[in-house]
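Structural characterization, general
Now for the letters of each chain:
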Amino acid sequence: MSTAPAPRPFEAFDEGFDADMEFDDLPATQAVPARGPLPFADAADAPVAGGYNPVGEVVAQAEASLAEPYPATVDLTSTALAPTGLAPIAAIGEVSVPRIAIHVFAERQDTLASAERAAQDRRLSRATTQIRIGGVPAAVETYQNEPTPPLIIVECLKDPQALLHEVDQLAEVCDAGTKVIVVGATNDIILFRELMRRGVSEYLVAPLQPLQLIAAIGGLFNDPAQPFVGRTIAFVGARGGAGASAVAHNTAYAISERIGANTVIVDYDLPFGTAGLDFNQDPLSGVADALGQPDRLDSTLLDRMMVRCTDKLSLFAAPASLDTDWDISAEAFEEVTNQIRATAPFVVLDLPHLWSPWMRRTLISADEVVVVATPDLASLRNAKNMIDLIRQGRPNDAPPRLVLNQIGVPGRPEIPAKDFGAALGVHASLTIPFDAKTFGAAANNGQMILDAGSKTKAAEAFQTLAQIVSRRELPAVAGPKGKTAKSGKTEKAAKPADAAGSKSLFATMFKKR
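Residues numbered from 1 in each chain as written. Predicted model: local features only at pLDDT ≥ 70, side-chain atom pairs only at ≥ 80, totals over all residues. Heavy atoms only, no water.

Broken down by element type, the protein carries 18 helices and 15 strands. In the protein, the share of contacts with a sequence separation of at least 24, taken over all contacts with a separation of at least 6, comes to 79%. Surface exposure of the protein reaches about 24000 Å², of which carbon and sulfur atoms provide 52%. (Helix = DSSP H or I, 4+ residues; strand = E, 2+ residues; numbered from the N terminus. Contact = heavy atoms within 4.5 Å. Areas by Shrake-Rupley, 256 points an atom, 1.4 Å probe, with all protein chains shown as cover.)

Here's what the structure looks like:
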């Protein structure tokens, strides 16, 4: 019965950035497969080329996998949705389910399949789900000899009177505090009210979709003391030097300054993080302290650990120190991330280029994943491995975003963006042109691209990416910190400040040495 607001529409983007919104929400007329991953590209015969072509081999393999037959499709505009089809991504809000036990007693095979797919979803990763055949009678028989879990989901396809009778029998064996979701075949408001009067927590009408079931479970366990759960956006580089940190920091800055949403940057690259340098802030040990005591974190302690860069942007900087061997459990990273999500609507995770259990879990559990790659073969191989793994671990989510960075480096052969995306089965959401002068000046001065070069293509690209990952529009008034950008004089007046910032940054670094 819970609903989620539809995402706000986007403005038209500059085609030069190749911004692709295809995977945000499924169009109303697009057919989706009833089971299995979505076919994101049409199958085509792979071109034949002479000699060994590694790029062509990867493209051919991807296209061959996409050409595999899928089950019959259904139209989302139809009133009868496929039993195990996917709901549009925007139909579910941010859901956080605690560590609870969930027991499902289903009668229909499609309900069993939807429950199994929901149990594999990242949003229910902390819950323990048991799925059994049989409806309310099987549940009554089970709980006569064992205690009931925090949540029971039962299915009954009988008429309303028989359904109410079976629910009354279930109530006799349920422990106090147990929540019950009933799945029935009748869409009747009178039946719904009778079930609510009997203490049923939620009533759903079959056939079910996995995301519909996940949303219902999440709605029952929302923390009243926590007004919202922030959206996590994880940025990871396909290879070292791809510029994932720069993209993450500039995108977070654009979300906070141009869109006007409170944002937190979390730099999880503990030994080599650059968030402090990029924002000209002292590298406090905020993230390291939080990871060292995740059980003691609260809103007050988190606020002390964060560095406020602007009115709407806060930073959890990495210590950037090699004095400690950072051996931290995946559970600590998960707990810290969940605690930070309660502090801001958007949490940007700057992930290092390494592979470990906590990296895998963080990528799979994030609400949005952005893979930053350069147009070369090593990035193509690594990005394909990442996207394939993330797709497998997130069967009910849209695929990761692909951002191609450093496009147009003089004298460097590049894989075309179209071929790069075809090999991965996703379109590049954005291509960022190579601009050594602007990026170098911004890095040395501790500035963001929106301030160092507000008129550049890269600045416009970061604004576009901010809209894509936040699903929000830019306000009518553009410019740094809500001020309309001026020409000529404003840019000239900013040069002395840039020089002063550069001097201050380098002076601080040499003083520490």
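Attention now goes to the packing of helix 11 (residues 330-340) against helix 12 (residues 357-365). Remark: helix 11 packs on helix 12, axes separated minimally by 8 Å, with the N-to-C direction vectors making an angle of 35°. Helix 11 and helix 12 meet at a crossing whose hand is right-handed. Here helix 11 contributes Ala330, Glu331, Phe333 and Glu334 to the contact with helix 12, which in turn contributes Pro357, Trp358 and Arg361. Of the residues that constitute the contact of helix 11 with helix 12, the class distribution is four nonpolar, no polar and three charged. (Axes fitted to C-alpha atoms, helices over the stretch in contact; angles between N-to-C directions. Left-handed = near helix turned anticlockwise from the far one by under 90°. Nonpolar A, V, L, I, M, F, W, Y, C, P; charged D, E, K, R; others polar.)

A separate point is empty space enclosed by the protein. Evaluation of the coordinates by the stated rule reveals three cavities of 30 Å³ or more. When its volume is computed, the largest cavity comes out at roughly 250 Å³. Considering the residues around the largest cavity, the lining is formed by 18 residues, among which Arg122, Glu334, Asn338, Arg341 and Ser365 are closest to the centre. Mapped onto the lining of the largest cavity, the elements with two or more residues apiece are helix 11 and helix 12. At four residues, the largest contribution of residues to the lining of the largest cavity is made by helix 11. Residue composition of the lining of the largest cavity, by class: five nonpolar, seven polar and six charged. (1 Å grid on protein atoms, 1.4 Å probe; cavity = no way out; pocket = protein on both sides within 12 Å on 5 of 7 lines; lining within 4 Å. Points joined across faces, edges and corners; volume = space filled by probe spheres on them.)

This part covers the pattern of salt bridges. Enumeration over the complete set of coordinates arrives at 18 salt bridges. Across the salt bridge formed by Lys384 and Asp388, the nearest N and O atoms sit 3.4 Å from each other. Taken together, the residues Lys384 and Asp388, both in helix 13 (residues 377-393) and four residues apart, mark about one turn of the helix. If you follow the salt bridges from partner to partner, you end up with Asp121, Arg122, Arg123, Arg341, Asp367 and Asp397 in one network. (Salt bridge = Lys/Arg side-chain N within 4 Å of Asp/Glu carboxyl O.)

Relative to strand 7 (residues 202-205), strand 6 (residues 179-184) is paired through four bridges, and the arrangement is parallel. What sits directly across from Ile181, in strand 7, is Glu202. For the crossover that starts at strand 6, traverses helix 5 (residues 189-197) and ends in the parallel strand 7, the hand is right-handed. (Pairing = 2+ DSSP bridges. Right-handed = clockwise from strand over helix to strand, strands pointing away.)

Turning next to unusual backbone geometry. The linkage connecting Ala206 with the following residue, Pro207, adopts the cis geometry, with an omega of 5°. Phi is positive for Gln406, which is not a glycine, with a value near 60°. Secondary-structure assignment places Gln406 in strand 14 (residues 401-407).

This part takes up the packing of aromatic side chains. According to the stated counting rule, one finds five aromatic pairs in the structure shown. With a centroid separation of 5.1 Å and 80° between ring planes, the pair formed by Tyr268 and Phe333 is classed as edge-to-face. Of this pair, Tyr268 sits in the loop between strand 9 (263-267) and helix 8 (275-278) while Phe333 sits in helix 11; the two residues are 65 residues apart in sequence, bridging distant segments of the chain. A single burial state applies to Tyr268 and to Phe333, both of which are buried. When the ring of Tyr268 is compared with that of Trp358, the centres are 5.7 Å apart and the planes differ by 75°; the resulting orientation is edge-to-face. (Phe/Tyr/Trp six-rings, centres within 6.5 Å; stacked < 30°, edge-to-face > 60°. Buried < 20%, exposed > 50% of the residue type's maximum accessible area, 1.4 Å probe, protein only.)

Right, let's talk about the nonpolar core for a bit. Of all hydrophobic cores here, the largest spans 43 residues; its most connected members are Val266, Tyr268 and Phe316. In this structure, Ala261, Leu313, Leu465 and Leu474 belong to the second largest nonpolar core, which totals 37 residues. (Core = buried A, V, L, I, M, F, W, Y, C linked by side-chain atoms within 4.5 Å.)

The sheet built from five strands is open, its strands ordered 4-3-5-6-7 with parallel pairing. Pairing within the sheet leaves two strands with one partner each, and these edge strands are strand 4 (128-133) and strand 7. Strand after strand, the sheet turns through a mean of 15° between neighbouring axes, direction not considered. Contacts from helix 3 (residues 136-143) reach strand 3 (101-106), strand 4 and strand 5 (151-155) within the one sheet, and its direction differs from that of strand 3 by about 135°.

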